[in-house]
Amino acid sequence: MVADTVIALMLAAAVANGPACKPDQPLTPCEAQIFTDAVVWKKRALKTRARFEGCAEKLEVITSSAAASLAPCPQPPPPRVDWSLVIGTTGGGVLLGVVLGVLLAK
């Protein structure tokens with residue numbers, strides 16, 4: 001996540017700018033501030049993730065199949081048949097068949 005990357009960069013910057021942290025020494029004011037900032041970033045990331053998941057669950061409930069059965073989407077009208085095209089194509093086919101039949105019969 002972005003928060004983890006930011007925290008890692010902040011800690012890397014702290015190590016690069018000063019002596020390495022030693023477990024037996026207290027944190028310097030700079031290190032303490034970096035630690036506090038990292039905790040705040042992580043908390044914000046977790047809160048944002050929780051909000052996002054809550055919204056996603058709410059959206060899933062709203063768009064579930066139960067809601068779709070209560071308010072179904074209107075069906076599109078059936079396609080209209082162009083009868084002039086059907087009659088013209090059929091007539092042309094019959095006429096072509098008659099002409100070819102007369103020509104091939106000779």
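You'll find the structure just up there.
Every value quoted in this text rests on a predicted model; they were computed, and no experiment measured them. (Residues numbered from 1 in each chain as written. Predicted model: local features only at pLDDT ≥ 70, side-chain atom pairs only at ≥ 80, totals over all residues. Heavy atoms only, no water.)

Side note on the overall build of the protein
Basically, it comes down to this: Here a helix means four or more residues in a row that DSSP labels H or I, a strand means two or more in a row labelled E, and each is numbered from the N terminus. When accessible area is computed with a 1.4 Å probe and restricted to protein chains, residues below 20% of their type maximum are described as buried, those above 50% as exposed, and intermediate ones as partly exposed. Each accessible area is a Shrake-Rupley estimate made with a 1.4 Å probe; only the visible protein chains count as cover when residues are assessed.
Check the secondary structure of the protein and you find 4 helices and 0 strands. Expressed as a percentage of the 106 residues in the protein, the buried residues total 8%. Carbon and sulfur atoms provide 71% of the accessible area of the protein, an area that totals close to 9300 Å².

Brief notes about a positive patch on the surface
Put simply, the test is: Only residues whose relative accessible area exceeds 30% and that form no salt bridge enter a patch; like-charged residues are grouped when within 9 Å of one another, and nonpolar side chains (Val, Leu, Ile, Met, Phe, Trp, Tyr) when within 5 Å. Salt bridges are identified by distance alone: a Lys or Arg side-chain nitrogen within 4 Å of an Asp or Glu carboxyl oxygen. Here Asp and Glu are counted as negative and Lys and Arg as positive; His is not counted, and neither are the chain ends. Charge coordinates come from a single atom per side chain, which is NZ of Lys, CZ of Arg, CG of Asp or CD of Glu.
On the surface, Lys43, Arg44, Lys47 and Arg51 cluster together to form a positively charged patch. When its relative accessible area of 47% is taken as the criterion, lysine 47 is described as partly exposed.

Observations concerning helix α2 (residues 29-62)
For clarity, the cut-off: Expected span, for any helix, means 1.5 Å times one less than how many residues it has.
For α2, built from 34 residues, the straight-helix expectation of 50 Å at 1.5 Å per residue is met to within 8% by its first-to-last C-alpha distance of 49 Å. By the burial criterion, the buried members of α2 are Glu31, Ile34, Ala38 and Ala45.

What to know about a nonpolar patch on the surface
A cluster of nonpolar side chains, Leu95, Leu96, Val99, Leu100, Leu103 and Leu104, forms an exposed patch at the surface whose accessible area comes to about 630 Å². For leucine 104, the position within the fold is in helix α4 (residues 83-105).

Taken by themselves, the reported measurements are silent on function.
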